[in-house]
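Residue-level listing of the chains:
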Amino acid sequence: MSNKMVRRQLCDGVYWNAITDAKFKANRISCNLILPLDAETVTDTAVVPFLLRRRFRDCPDFTRLNERLCELYGASLDADVRKHGAYQILNLSIQTLDDRYTMDGELLTNRCAELAAGLLLDPYFVDGVFDEQDFELERRSLVDTIESEINDKRSYAISRCQSILFEGEPFAIKKYGTKERAEAMTCQSATEAYHRAVRDAAVEILFIGCGDGEGAAKIFADRFSRLKRSPIAHREASTKAKAERVTEKTDRMDVSQSKLVMGFRIGELESQEEKNAAKLMVALYGGTPFSRLFLNVREKYSLCYYCAARLDKATGTMLVDSGVEAANKQKAQDEILNQLDVVRNGEFTDEELDNTILALTSALGSVTDTLGGMEGWYLDQILSGSSQSPEENARQISSLTREQVMEAAGKVTLDTVYFLTGREENAHESN
């Protein structure tokens with residue numbers, strides 16, 4: 001087992017990242033186009049990967065594309081839109097059996113690379129634009145996806161808190177954009193977004209599995225080198241390291257359970273060690289079933305239905321979200337802050353620290369269980385300017401001290417308090 005990423009440039013703005021692990025019998029090729037989040041174009045861009053996966057010029061209908069995947073030993077094809085900090089990521093991934101396990105020694109890896117390159121760079125156009133029927137189906141699906149967020153009140157509350165926390169910054173832009181823009185976009189605007197993405201995106205291609213990806217790398221190098229591109233240079237964007245004041249916002253909807261989301265800034269995280277200390281601090285504070293928030297705010301004081309903290313390294317922030325009765329809002333908020341003080345002051349046991357380290361290192365150990373898990377891990381590492389393997393990260397976390405956790409907690413400042421509660425006539429607020 002290697003799990004060490006080998007990275008090289010194929011051509012201008014296109015990078016090849018190979019991670020080899022002999023325990024697998026398959027390979028995964030993940031193509032990622034990375035673009036700055038822009039409120040004017042994010043929604044048109046978000047529909048692009050879903051249009052690309054439907055067909056391309058050599059497979060001009062969906063049925064033929066599926067037949068081609070079946071011929072590749074049942075290869076699976078995925079499309080996705082992701083967000084990392086101030087960037088939107090368009091993803092196309094294909095996965096199938098390694099060449100060594102085919103019946104006739106077929107070069108499946110190369111064939112999958114050719115298919116992925118065709119989908120990405122040679123789409124099916126009618127009169128110079130995406131097929132109108134394909135576009136309308138995917139546009140409607142995107143509208144439904146955006147609309148569905150409001151039905152999941154927990155996700156909605158988290159999103160609203162982030163919008164307030166990052167107001168005026170690209171971090172506040174959602175990866176799919178807005179319903180209004182999805183409803184207004186056209187086949188022409190989606191096609192323009194595609195051309196803009198291929199021209200401007202930083203491209204990260206990941207090859208993960210047990211095989212030899214050199215043939216696939218040459219295919220992508222050849223295809224991309226034919227294009228006229230002006231790729232952006234991906235850089236980690238930064239936001240404020242410390243809150244200057246606390247912003248409070250309350251929204252009212254038809255909800256039976258109120259949602260309290262608190263946005264914190266976690267200070268400068270310049271080194272990998274500081275990032276790991278913040279990761280451990282957040283896990284001890286509210287990231288496990290035995291964390292301070294779970295055992296105290298939820299279990300001991302019964303102030304909420306759930307209470308969890310999550311770290312976003314890409315933005316240097318921490319969110320604490322909880323489901324509460326409206327009458328318990330202030331008590332829950334006070335106890336959440338109190339438990340942060342407990343961590344700052346080091347008033348946690350060695351057993352709590354050891355158990356949290358064990359939980360994190362165990363989770364890191366499972367990252368390499370699947371090709372998809374490794375894809376997510378290494379893409380995050382690339383975008384964060386690192387090449388650490390999960391094993392290396394686990395070793396660093398295991399060496400962290402109580403003092404480093406306390407120092408990480410000491411940098412945390414409260415920035416935003418967002419409260420989603422019932423309509424005025426049904427609400428019982430304590431503040």
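Residues numbered from 1 in each chain as written. Predicted model: local features only at pLDDT ≥ 70, side-chain atom pairs only at ≥ 80, totals over all residues. Heavy atoms only, no water.

Enquirer: Tell me what's going on with the overall build of the protein chain, and back it up with residues and numbers.
Expert: Across its full length, the protein chain carries 16 helices and 13 strands. Since a compact globule built from 431 residues should have a radius of gyration of about 22 Å, the 23 Å found for the protein chain is in line with a globular shape. For the protein chain, the spread of C-alpha atoms along the principal axes amounts to about 65 × 50 × 35 Å. By sequence separation, contacts in the protein chain at least 24 residues apart represent 80% of the contacts at least 6 residues apart. Surface accessibility of the protein chain: about 18,900 Å² in total, with carbon and sulfur atoms responsible for 47%. Charged side chains in the protein chain number 54 positive and 69 negative. The centres of these two groups are separated by 1 Å. (Helix = DSSP H or I, 4+ residues; strand = E, 2+ residues; numbered from the N terminus. Rg over C-alpha atoms; globule rule 2.2 N^0.38 Å. Contact = heavy atoms within 4.5 Å. Areas by Shrake-Rupley, 256 points an atom, 1.4 Å probe, with all protein chains shown as cover. Lys, Arg positive; Asp, Glu negative; His and termini not counted. Charge placed at Lys NZ, Arg CZ, Asp CG, Glu CD.)

Enquirer: Mind laying out the packing of aromatic side chains, listing which residues take part and the relevant values?
Expert: The final tally for this structure, using the stated rule, is 6 aromatic pairs. Geometrically, the ring pair formed by Trp16 and Phe220 is tilted, given 6.3 Å between the ring centres and 40 degrees between the ring planes. One end of the pair, Trp16, is in strand E2 (residues 14-20); the other, Phe220, is in helix H9 (residues 214-225), with 204 residues separating them in the sequence. One exposure class covers both Trp16 and Phe220, and it is buried. Taking the centre distance of 5.3 Å and the plane angle of 45 degrees together, the rings of Phe166 and Phe171 count as tilted. Grouping residues by exposure puts Phe166 and Phe171 together as buried. One aromatic cluster is present, built from ring pairs that chain together Trp16, Phe207 and Phe220. (Phe/Tyr/Trp six-rings, centres within 6.5 Å; stacked < 30°, edge-to-face > 60°. Buried < 20%, exposed > 50% of the residue type's maximum accessible area, 1.4 Å probe, protein only.)

Enquirer: Explain the packing of helix H11 (residues 292-300) against helix H12 (residues 329-344) to me, using residue names and the numbers behind them.
Expert: The N-to-C vectors of H11 and H12 enclose an angle of 145 degrees; their axes lie 10 Å apart at closest approach. As for the relative orientation of H11 and H12, their crossing is right-handed in sense. On the side of H11, the interface is formed by Arg292, Leu293, Asn296 and Val297, while H12 contributes Glu335, Ile336, Gln339, Val342 and Val343. Here the contact of H11 with H12 is built from residues that sort into 5 nonpolar, 2 polar and 2 charged. (Axes fitted to C-alpha atoms, helices over the stretch in contact; angles between N-to-C directions. Left-handed = near helix turned anticlockwise from the far one by under 90°. Nonpolar A, V, L, I, M, F, W, Y, C, P; charged D, E, K, R; others polar.)

Enquirer: Help me get a handle on H9, residues and values and all.
Expert: With 12 residues, H9 extends 16 Å from end C-alpha to end C-alpha; this agrees with the ideal 16 Å at 1.5 Å per step. If you check which residues of H9 are buried, you get Ala216, Ala217, Ile219, Phe220, Ala221, Arg223 and Phe224. Structurally, H9 contributes buried residues whose contacts are with strand E1 (5-11), E2, strand E3 (26-36), helix H4 (108-121) and strand E8 (202-209). (Expected span 1.5 Å × (residues − 1).)

Enquirer: Any details on the pattern of salt bridges? Residues and values, ideally.
Expert: Applying the stated criterion to the full structure yields 39 salt bridges. A salt bridge links Glu136 to Arg139; its shortest N-O distance comes to 2.6 Å. Taken together, the positions of Glu136 and Arg139, both in helix H5 (residues 132-151) and 3 residues apart, correspond to about one turn of that helix. Looking at Arg139, the relative accessible area reads 10%, which means it is buried. Notably, a salt bridge pairs Asp380 with Lys313, separated by 3.8 Å at the nearest N-O pair. Placement of Asp380 in helix H14 (residues 371-383) and of Lys313 in the loop between strand E11 (306-312) and strand E12 (317-324) is noted, with a sequence separation of 67 residues between them. Residue Lys313 is classed as partly exposed on the basis of its relative accessible area of 25%. (Salt bridge = Lys/Arg side-chain N within 4 Å of Asp/Glu carboxyl O.)

Enquirer: Mind laying out H14, listing which residues take part and the relevant values?
Expert: With 13 residues, H14 should reach 18 Å at 1.5 Å per residue; the first-to-last C-alpha distance of 18 Å fits that figure. Every buried residue belonging to H14 is among Leu371, Met374, Glu375, Trp377, Tyr378, Leu379, Gln381, Ile382 and Leu383, and all of these are buried. Phi for Gly385, located one or two positions after H14, is positive at around 80 degrees.

Enquirer: For the confidence of the model for the protein chain, give the residues involved together with the corresponding values.
Expert: This prediction gives the protein chain a mean pLDDT of 94; 98% of its residues lie at or above 70. Under a pLDDT of 50 for its full length, residues 425-431 has, in the predicted model, 15 contacts with residues more than four places off or in other chains. (pLDDT = per-residue confidence, 0-100.)

Enquirer: Outline the environment of Lys259, listing residues and values.
Expert: Within the element layout of this structure, Lys259 appears in strand E10 (residues 258-265). Between the alpha carbons of Lys259 and Tyr306 there is a distance of 9.8 Å; along the sequence they are 47 residues apart. Excluding its chain neighbours within four sequence positions, the residues that come into contact with Lys259 are Lys153, Arg154, Ala157, Tyr306, Ser322, Gly323, Tyr418, Phe419 and Leu420. A distance of 3.4 Å separates the side chain of Lys259 from the side chain of Tyr306, its partner in a polar contact. (Polar contact = N/O pair within 3.5 Å; in protein donor to acceptor, adjacent residues only side chain to side chain.)

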